[in-house]
Amino acid sequence: MNRKYRKTLIAGNWKMNKTPSETKDFMVNFKAIMPKGRWCDIALCVPAVDIPAAVRAMRETRVGIGAENCNANPSGAYTGEIAANMLVDAGCKYVILGHSERRAMGETDKEVNAKVLAAIEAGLIPIVCCGESLEQRESGVTDEWITMQIKLALQGVPEEKIRRLVIAYEPIWAIGTGRTATPEQAEAVCEHIRTVVRKLYGSKNARATTILYGGSMNDKNAYELLAQPDIDGGLIGGASLVPEKFVKIIEAANQPTA
Ligand code: 13P
């Protein structure tokens with residue numbers, strides 16, 4: 001982390017977990033133990049049906065609620081889809097885009113890019129995900145793959161909007177597997193992402209961009225991962241479902257930085 005130049009963000013990704021009633025219960029428990037005082041930005045990205053309950057519960061707090069996807073179109077005949085402006089009106093601040101689980105369902109780089117542009121246009125902060133498979137890592141093409149994913153996702157994002165965007169590095173082999181990237185592995189790719197942003201948007205913008213690590217981050221390994229200079233926070237799946245664990249990760253993000 002480097003709080004001097006950029007925001008620290010701890011974001012939960014609930015994926016397809018918790019009903020609206022369970023969301024309400026989580027928020028009661030979470031609010032009761034939420035760290036006070038100096039803390040990082042906090043986001044909880046939840047299933048669409050849980051958004052109203054989450055927004056209501058977190059209204060008086062600094063926790064921003066987010067969605068896990070949006071459609072690139074502003075409105076129209078897209079049965080079952082949700083537009084970015086609908087999420088804004090429902091009280092969302094963030095939206096996760098290009099998660100590997102959605103890419104595995106067929107989402108393309110082009111679609112991710114269209115969603116990023118739509119989210120920015122609507123005033124949401126996109127959390128844009130990238131990450132390599134185990135096969136790609138073992139073949140030594142991680143950096144090239146990440147470069148391509150970032151370049152394609154950010155196409156057409158104007159310079160004045162790049163700071164309204166968060167990038168999350170999530171190696172696919174570390175998601176939900178309990179096999180976390182080592183702090184060195186995670187730092188190397190996050191540093192590489194910053195280099196890509198630097199080439200596209202210049203060094204001041206690159207220095208101000210928040211880059212998260214995601215993939216089996218938990219209350220035990222968060223401190224060491226967040227101590228890395230280019231890891232500005234976490235995108236947390238499993239551990240964000242348990243208030244006590246999520247709070248411990250937030251506390252790890254409050255560690256002193258250089
Ligand atoms: P886990 O923390 O459960 O590995 O999930 C990471 C993730 O995919 C967050 O988006």
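Quantities reported herein were computed from a predicted structural model and do not represent experimental measurements. As a convention, each chain's residues are numbered from 1 in the sequence order in which they are written. At least 70 in pLDDT is required for a residue's local features to be given in this predicted model, at least 80 for side-chain atom pairs to be given and counted, and no such filter applies to totals for whole chains, interfaces and linings, which use all residues. Excluded from the side-chain calculations are hydrogens and water; all other atoms, namely the structure's heavy atoms, are used.

1. Considerations on the packing of helix α1 (residues 20–33) against helix α2 (residues 51–58)
Part 1: Packing of α1 against α2 brings their axes to within 9 Å, and their N-to-C directions diverge by 20 degrees. Regarding the angle of α1 to α2, the classification is roughly parallel. Considering the relative orientation of α1 and α2, their crossing is right-handed. Seen from α1, the contacting residues are P20, T23, M27, F30 and K31; seen from α2, they are A53, A54, A57 and M58.
Part 2: A class-by-class count of the residues in the contact of α1 with α2 yields 7 nonpolar, 1 polar and 1 charged. For every element, the axis is a line fit to its C-alpha atoms; helices are fit only across the contacting stretch, and the angle between N-to-C directions ranges from 0 to 180 degrees. Helical segments are the DSSP runs of H or I of at least four residues, strand segments are the runs of E of at least two, and each set is numbered from the N terminus. In these notes the angle categories are as follows: under 35 degrees is roughly parallel, over 145 is roughly antiparallel, 65 to 115 is roughly perpendicular, and the rest is oblique. Crossing handedness: left-handed means the near helix sits turned counterclockwise from the far one by under a right angle, and right-handed means the same turn made clockwise. Contacts between residues were defined by any pair of non-hydrogen atoms, one from each residue, lying within 4.5 Å. For this classification, Asp, Glu, Lys and Arg are treated as charged, while Ala, Val, Leu, Ile, Met, Phe, Trp, Tyr, Cys and Pro are nonpolar and the rest, including Gly, are polar.

2. Let's talk about the site of the ligand
Part 1: Only a single heavy atom is needed: when it lies within 4 Å of a molecule or strand, its residue is near that molecule or strand. The full set close to the ligand counts 13 residues, and K15, H99, E170, G176 and S216 are the nearest of them.
Part 2: Polar contacts here mean pairs of N or O atoms no more than 3.5 Å apart (in protein, one a potential hydrogen donor and the other a potential acceptor; neighbouring residues in sequence count only if both atoms are side-chain atoms). Contacts to the ligand include G238, whose backbone N or O atom sits 2.9 Å from an oxygen atom.
Part 3: Residue classes in the shell around the ligand are distributed as 4 nonpolar, 7 polar and 2 charged.

3. Topic: the pattern of salt bridges
Working definition: two side chains of opposite charge can pair if their charged atoms are close together.
Part 1: Only one rule defines a salt bridge in this text: a Lys or Arg side-chain nitrogen within 4 Å of an Asp or Glu carboxyl oxygen. Under the defined criterion, the tally for this structure stands at 11 salt bridges.
Part 2: We note a salt bridge from E101 to K15, for which the minimum N-O separation is 2.8 Å. Of the two residues, E101 is situated in helix α4 (residues 100–103) and K15 in the loop between β1 (9–13) and α1; the sequence distance between them amounts to 86 residues.
Part 3: Look at E101 and you get partly exposed, because its relative accessible area is 32%.
Part 4: For E107, the salt bridge goes to K115, with nearest N and O atoms at 2.7 Å. Of the two residues examined, E107 and K115, each falls in the buried class. Think of it in three bands: with a 1.4 Å probe and only protein chains considered, a residue is buried below 20% of the maximum accessible area for its type, exposed above 50%, and partly exposed in between.

4. Some thoughts on the packing of α1 against helix α11 (residues 243–252)
Part 1: It is at 9 Å that the axes of α1 and α11 come closest, and there the two elements cross at 40 degrees. By the criterion of interaxial angle, the relationship of α1 to α11 is oblique. Two packed elements cross with a definite hand, and for α1 against α11 that hand is right-handed. Here F26, N29, F30 and I33 of α1 come into contact with α11, specifically with P243, E244, F246, V247 and I250.

5. Observations regarding the packing of aromatic side chains
Part 1: Any two of the Phe, Tyr and Trp rings considered here, Trp counted by its six-membered ring, make a pair once their centres fall within 6.5 Å; the pair's planes then place it as stacked at under 30 degrees, edge-to-face at over 60, or tilted in between. Under the definition given, this model contains 4 aromatic pairs.
Part 2: Consider the rings of W14 and F26, whose centres lie 4.8 Å apart with planes at 80 degrees: the pair is edge-to-face. Of this pair, W14 sits in the loop between β1 and α1 while F26 is found in helix α1, placing the two residues 12 residues apart along the sequence.
Part 3: Since its relative accessible area comes to 3%, F26 is described here as buried.
Part 4: Here a set of aromatic residues connected by ring pairs shows up, and it is made of W14, F26, F30 and F246.
Part 5: Working rule: Lys NZ or Arg CZ, within 6 Å of ring centre, within 35 degrees of ring normal, means a charge sits over the ring. Lying over the aromatic face of W14, K18 brings its terminal NZ or CZ to 5.5 Å of the ring centre.

6. Quick notes on the sheet that holds strand β4 (residues 94–97)
Part 1: Two strands are counted as paired when DSSP detects at least two bridges linking them. One closed barrel accounts for 8 strands, arranged β1-β2-β3-β4-β5-β6-β7-β8; its pairing is parallel. Adjacent strand axes in the sheet meet at a mean angle of 25 degrees, parallel and antiparallel pairs treated alike.
Part 2: Relative to strand β8 (residues 233–236), β1 is paired through 4 bridges, and the arrangement is parallel. Within β8, the residue paired with A11 across the bridge is L235.
Part 3: Against the sheet, helix α7 (residues 142–153) contacts β5 (125–130) and β6 (166–169), and its axis sits at roughly 150 degrees relative to β5.

7. Points about the nonpolar core
Part 1: What makes a nonpolar core is a set of buried Ala, Val, Leu, Ile, Met, Phe, Trp, Tyr and Cys residues whose side-chain atoms join them at distances within 4.5 Å. Core analysis: the largest hydrophobic core is formed by 68 residues, its most contacted members being I10, F30, L44, I193, Y213 and L226.
Part 2: In this structure, I193 is in contact with C130, I146, I150, I167, Y169 and I211, ignoring residues within four places of it in sequence.
Part 3: The next biggest cluster of nonpolar side chains, apart from the first, holds 13 residues, and it includes C45, Y94, I96 and A168.

8. Describing the pairing of β4
Part 1: The two faces of β4 match: Y94 and I96 on one face and V95 and L97 on the other face are all buried.
Part 2: Seen with its strands pointing away from the viewer, a crossover is right-handed when the path leading from the first strand over the helix to the second is clockwise. Note that the unit made of strand β3 (residues 63–67), helix α3 (residues 84–89) and β4 has a crossover that is right-handed.
Part 3: Pairing analysis gives 4 bridges linking β4 to β5, with the strands arranged parallel. Across the sheet, residue I96 finds its bridge partner in β5, namely I127.

Read these as layout, nothing more, since geometry by itself doesn't imply function.
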